[in-house]
Amino acid sequence: MSPDERTPTRASRPEGRPEAVTWGELLRSKPMEQVVVPVRVDLDRDVTKVRLISDLDDMQACRPGTVAVLQPPLASAAWAIEIAVRYAWERSARAVVAQVTGSAAEAVTRLAERLSVSVGFHDGDPTELALDLSALVARPGAVRSGLLARCAVLISEATSVEEVMTVLAQELPRTATSLRGPGDRLLAGCGDELPPDVLRVPLAPLDVEAGRSLTAALSHRSVAWNQTVTRVLQIARAQVVACEASGRVAASVQHEREGFALARVLAAPPDSGPATALGWPLQGPLTGAVVLPLEEAVRAQPAVGLSLRAAWAAEPVGAPPAPYLDGWALWAQLEEPGADPAEDHGRAERALAARAERLVRRAGLGVDLRIGVGLPGSLAATLEQAMIAARAATATGSVRGIERFSTLGSRELVTATDAPHLRRVARETLAALLGVDDRDDLVRTLLAYLDCAGSTSRAAERLAVHRNTVTGRLDRVRRLGVPVDDPDRSLELHLLCHVALSSGLTG
Amino acid sequence: MSATVCAPVLADTAPVAADGEVGPVVGVHLRRDRAVGVRAGDGSSRTAAAAGSPATSLAAVLAELAPERCSRVLLDLAPLVADVLEGGRLAAVTTVRIAPSDRAIGVLYGGWPPAVVEQVDAGRLHVSGGHDFHGRRVGDVDEEAIAAAGRLAVQRGADVMAVSAVGAMIDSSLELEVAARLSRATGRHVVMSHGAGGVRHLERETTTVLDGALRGEVGALLDELYDVVDHVAPGARPGFAAADGSWLGREQARAHALRLLGTREALLVQGAAATAGTPSAHVLLRDRRGLRATAVDDGCVRADPVRDLAPWLPGVHANQRHASVLPVGPGDASGLSPAALLGRPVVLVDLEPRADEGEVPQRLVAAGLEVRQVAAAPDVLLARGLCAAVPQCEVVTYAAVDGPAAWQRARDVARHQAQAQVLAADPRARLRTVADQVIPLSYLSTGVVQVRCYVVAEQELVRA
Amino acid sequence: MPEVRSITADHFDDLFLGSQLGVLSAASTYRGSLETWVHALLQERPVELVDPAEARERFGEEEMGLAVLMVGAMLSLLEYPFRGDEAVVAVRRLERTLGVRFAAMCPFNCSGPNALVAVGAASLLGLPLVDCDGQGRILPLIDQTTFALGGLRASPLAGVGPWGDVITVDSPGDRAEEIVRAAVSGAGGWMLCATYPAPVHRLVETGIQRSLSQRIASGALMQTARSDLGERLARHLGGRLVARARVVELSGHQHTGLRTRQPASPYSILLRGLSSTEPLIRLEVRNEIVVATVDGAVVGAVPDMICLIDPLRRRSVELSDLRVGQVMEVLVLPAAEAWRTPSGRAMAGPGAFGLSWPAQPA
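What comes next concerns the included structure. Everything numeric in this text was worked out from a predicted model, so none of it was measured.

1. Details of the overall build of chain B
Inference 1: Counting its secondary structure elements, chain B contains 12 helices and 22 strands.
Inference 2: When the accessible surface of chain B is summed, it comes to about 16400 Å², and 52% of that surface belongs to carbon and sulfur atoms.

Shown next as structure tokens:
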């Protein structure tokens, strides 16, 4: 006999009758608190009646959906309970409640598991239990308000979104609840795919973020159960928003405090009071890194900082990312020094770079973040270098997400400085050169010539062109009035060529 | 699929001493004219044999097997005890049966070989009395009858006296009182039935008488062999194998000499299980008599409480815990239901070489059983079984108690008794209570319960 | 199986094995003094076994018979063995009480010690044994018999205990069971009783016929059947093998039925079937097995006989020998017709043991 054949479907319920309480709901009721229920099946099926069984004859008269509470001496005789469980299985009774412990209870449990019949054990008064359960079955509303009250208390005690979701999972039998973001992205709770008829309670208008909702996928539907679950989700909604808000406030305060502490350390190294209180590593040579958004508009945005901080919490090594200028700073102490200081430094830079990259990946903000890593040294020095490297990484034309100060070339170093001002100078000084069609070839050729200290043959090699091409192009440059051969201006010219190329002035 | 064939060197198990030290053990099976020994527990599984008198051959075997330290030397004296029983070296026993009536369906010495009766029977006397199932003593002790028993012992030249009272397993005080008087009056050693144990009075009496009759000769043998062990393997603790596969200390062996008789099957079975490397198994013994089955549970052979003493004393039943070995049919296993052997490895031992030895394993393997075949000379297997012997004691007594509340007391008494016996064999044993139950005799309103307690020395089987 | 006319020492092994069938608490599967004694008696004087059909012609309407049994705990009989003359004393005492000479006797039941007691007593007294008994199995009470169902009374009754105490009970109110029970405790654990004095014809009419010869035949089968003993016994006795299973738990428990006259400490044997579905089997013991369930479904109950057969030893087992891990065959053998009537069920059915449940659909 399959379970489906055993209980009349809900569709056959006459209209207008109050909806019967389910076994799962009854299990959460007050009287069942004293009953241990090792085997619980058919939680979403109706309980039609509760019967006090004093004789196995009574079991035979059980209707489908009955919860059978056994009375002594039956209730404590394993053989009789097993026969009752068998009858329950044959008659689609909902559950058998008995009064045994120890090995007798284990044997009964084994049989109940085999037959998929719910059994429970208690040591209270079976008559009282049966009466209390009967009252609940007769007034399903009471069970549901009981459930609501209980959920309200438990949810109000939750201090995090996770705890709220746990309460929902435990208290709503056979119901998959989750917190979803825009596009039903899973934020917390059960990760199953949402069915089309999922119950949904939007977090708006309480929510600061848009498009979020609490959802519940029910294994069975009924008007009453839908209402109950919806109410529970509504109670949970406020707590979810409140928990998140308090979490945000706390993180934000902490972030501010860290920014202040870093500023104090950099401003007056001896006065590291707030930093020491935060337990930051400040001793010995330090390697610093700076995370800087590519987009200038989002630089120094607190939301980005908070996200980085949350991502750091997953791998809390060293100090958390602290606000530094328009980016965020990270740093680490040198590990045990080895024989070769250069190697130590390289290792420290690579390790911090890797950590910073993981941090950025974890933050997964959808914002392009660039990283710069400084040389080991004092905190102020390494962070300054890191900031220069970070700017180099953000400079237009840079394709790499990360730059190390130690490997920056002159071009990167130059572009890392105040780029807008230099671009203006370059545009004006090289105006004639930048006005021709093949400006890119000409500027590249000039740069190669200057890089190669005036050797046309080496420049040709570098550019992979014939030497005559180089001399020809240089002649054209000279003809455009660029002082190629003036030793006093060659440094300026060299620098401006870098700027022009990296700033896209030749594009 | 095929059966695994195990030779004794393939696996090696030995008990772990209480201090965690794995002690090599030497087991020696002694016969009138030779000794066979095995050393186990240090991975060597060496065997040795020597001819000569028990003391000489034991010394030779030990010299070969125990030149370096071993923790104990276990001896199987069963053939020697059988020699004492059959060879006319039994003590004369005067018996006092304390029972309601001088008549009973079981007559002491009824059906015994006349030659044995002639040696042992130094007079029998009935004294009216005993304890009933209420735990009450029925009637006063008949002083005159006790005195007469003493005179009878002296007159018949008894070496030993035996006292057996009904109800002694409920209350042993009566036996103790009577024994004390007889001992004072005659100066002779008195054996008592409650010491022999067992819930059948007549069988208990037989056991008591035989323990008494064997005591002198077997005791001398124990002392002699004990000295040999002490001399050749100093520091090793000697132990003596019993019919249930356990081992006893010297004084226990002296007091219950009958327990040393008929150890063959228990030791074979233990040896087979140890050789096959499994603490629990069904063991099938095969020889030309057919197939016999038994089981080993955690290194202990499954035992029966009452034994027909054939071939030594045909038709005589005694209370002796011994290997429960059941004939299960002819050697081709056609009488065996493989289903009854499921769940444990089956160890098949051929005690004689056979032409068709593959046949039974194939049948059992085909039935889904894990079969291990043990190939070894029976005497080596015996000695190997000795090495695997576990001190153990099963106490079955009665108590007249007031109700379930008093059951615990009765249980404690039985458990302490069983534990004391195990510790007497091996003071370093870690004790494990295997069974500990109180069974009310529900037919009776006298409050009498049967208490069963089975304690074994915990053995950690170590494969070398 | 040739018809047994005379029980000789050659039949002893078959009788002993067969009599253990369906006996758990009162079983005595080891041969000891009692068995040796009865065997010796049969060697001395075989017992004539009278077929019920012949009894009608052989005995006159007035000729009296009786049943003998050992009432009490089997364990007490082991500690306080028979003197050997108890049956003679009890039967003679009953003869004196009634002023009759008995022409024949029958076993009270043919299970456990009572089969041997009856054969031994018949041999001692030189009386023919009629091939019928009052229970067809073992049941704990003296008045739980088909003799009683047929209107016979257990008293007047004479009993002898281990300490030589002799009682006679004449209970007009049919309270022999209660009185004997008290006397058994007082007497020291057992009493050999001569009971159900009645015309031989009446014993045959009300008794379960050919039960003794059936036990001997079953015993012979147990000796010869090499494998599949459970199935063969079930076929032979019209019953069925309900499971082959491994013992997983043995446990005593507090009394949990309705109050009854049964002197029993409730006990449960749990087994797990060896068939592919591995069903859970529970045997509920009140001295003997009274109910067998498979996955909670009742597959056998008193008055039917539920037997445990050890397929390895090819015999039934006694409770104290049962061990966790052993494989057993569970047989349900049908009760005699007399027990299948409503009054029979009332007397020997589950209700008599404080257990009841609705009748199962067939």
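2. Section: the packing of helix α17 (residues 439-451) of chain A against helix α19 (residues 467-479) of chain A
Residues and elements named next belong to chain A.
Inference 1: At their nearest, the axes of α17 and α19 sit 10 Å apart, and the two run at 105° to each other. Classified by the angle between their axes, α17 and α19 sit roughly perpendicular to one another. For the pair α17 and α19, the contacting residues are D441, L442, T445, L446 and Y449 in the first and V470, R473, L474, R476, V477 and R478 in the second.
Inference 2: Looking at side-chain class alone, the contact of α17 with α19 contains six nonpolar, one polar and four charged residues.

3. Observations concerning the environment of R184 of chain B
Inference 1: Examined against the element boundaries, R184 of chain B turns out to sit in helix α5 (residues 173-186).
Inference 2: As for R184 of chain B and G150 of chain B, which are separated by 34 residues in sequence, their C-alpha atoms are 9.3 Å apart.

4. What to know about empty space enclosed by the protein
Inference 1: Taken as a whole, this structure holds 13 cavities of 30 Å³ or more when the rule is applied.
Inference 2: Taken as a whole, the largest cavity encloses approximately 230 Å³ of empty space.
Inference 3: Together, 19 residues line the largest cavity, and A295 and R302 of chain B together with D310, L312 and Q326 of chain C are the ones closest to its centre.
Inference 4: Residue assignment for the lining of the largest cavity shows that the elements contributing at least two residues are β13 (290-297) and β15 (303-308) of chain B.
Inference 5: Looking at the lining of the largest cavity element by element, the count peaks at three residues for β13 of chain B.
Inference 6: Split by residue class, the lining of the largest cavity holds seven nonpolar, five polar and seven charged.

5. Quick word on helix α2 (residues 33-44) of chain C
Inference 1: End to end, α2 of chain C covers 16 Å across 12 residues, agreeing with the expected 16 Å (1.5 Å per residue, within 8%).
Inference 2: All of the buried residues in α2 of chain C are S33, L34, E35, W37, V38, L41 and L42 of chain C.

6. A few points about the interface of chain B and chain C
Often, the extent of an interface is quoted as the loss of accessible area upon association of its parts.
Inference 1: Residue-level contacts link 55 residues of chain B with 47 residues of chain C.
Inference 2: Here chain B packs against chain C, burying approximately 4300 Å² in sum over the two surfaces, 58% of which is carbon and sulfur.
Inference 3: The largest share of the area that chain B buries against chain C comes from I105, R200 and Y443 of chain B, three residues that together contribute 20% of it.
Inference 4: Summed over the shared surface of chain B and chain C, the result is two salt bridges.
Inference 5: The residue R103 of chain B makes a salt bridge to D85 of chain C at a minimum N-O spacing of 3.2 Å.
Inference 6: There are 11 residue pairs in polar contact (both at pLDDT 80 or more) connecting chain B and chain C.
Inference 7: Every element with two or more residues in the side of chain B that touches chain C is listed here: α7 (201-232), β15, β17 (326-329), β21 (431-440) and β22 (448-457) of chain B.
Inference 8: Residue classes in the side of chain B that touches chain C are distributed as 29 nonpolar, 18 polar and eight charged.

7. What about the interface of chain A and chain C?
Inference 1: Tallying the contact residues gives 19 residues for chain A and 25 residues for chain C.
Inference 2: The junction of chain A with chain C conceals about 1900 Å² of combined surface from both sides, 55% of it contributed by carbon and sulfur atoms.
Inference 3: The largest per-residue losses of area from chain A upon contact with chain C belong to W79, R110 and R114 of chain A, which jointly make up 36% of the total buried on that side.
Inference 4: At the junction of chain A with chain C, the criterion picks out two salt bridges.
Inference 5: Two residues, D295 of chain C and R114 of chain A, come together in a salt bridge whose shortest N-O distance is 2.9 Å.
Inference 6: The interface formed by chain A and chain C includes six residue pairs in polar contact (both at pLDDT 80 or more).
Inference 7: Secondary structure elements with two or more residues in the side of chain A that touches chain C: α3 (56-60), α4 (78-90) and α5 (102-115) of chain A.

Scoring rules and cut-offs
- Residues numbered from 1 in each chain as written.
- Chains lettered and ligands numbered in written order.
- Predicted model: local features only at pLDDT ≥ 70, side-chain atom pairs only at ≥ 80, totals over all residues.
- Heavy atoms only, no water.
- Helix = DSSP H or I, 4+ residues; strand = E, 2+ residues; numbered from the N terminus.
- Areas by Shrake-Rupley, 256 points an atom, 1.4 Å probe, with all protein chains shown as cover.
- Axes fitted to C-alpha atoms, helices over the stretch in contact; angles between N-to-C directions.
- Parallel < 35°, antiparallel > 145°, perpendicular 65-115°, else oblique.
- Contact = heavy atoms within 4.5 Å.
- Nonpolar A, V, L, I, M, F, W, Y, C, P; charged D, E, K, R; others polar.
- 1 Å grid on protein atoms, 1.4 Å probe; cavity = no way out; pocket = protein on both sides within 12 Å on 5 of 7 lines; lining within 4 Å.
- Points joined across faces, edges and corners; volume = space filled by probe spheres on them.
- Expected span 1.5 Å × (residues − 1).
- Buried < 20%, exposed > 50% of the residue type's maximum accessible area, 1.4 Å probe, protein only.
- Buried area = accessible area lost by both parts, 1.4 Å probe.
- Salt bridge = Lys/Arg side-chain N within 4 Å of Asp/Glu carboxyl O.
- Polar contact = N/O pair within 3.5 Å; in protein donor to acceptor, adjacent residues only side chain to side chain.

So, to be careful, I would describe these as geometric facts and stop short of saying anything about function.
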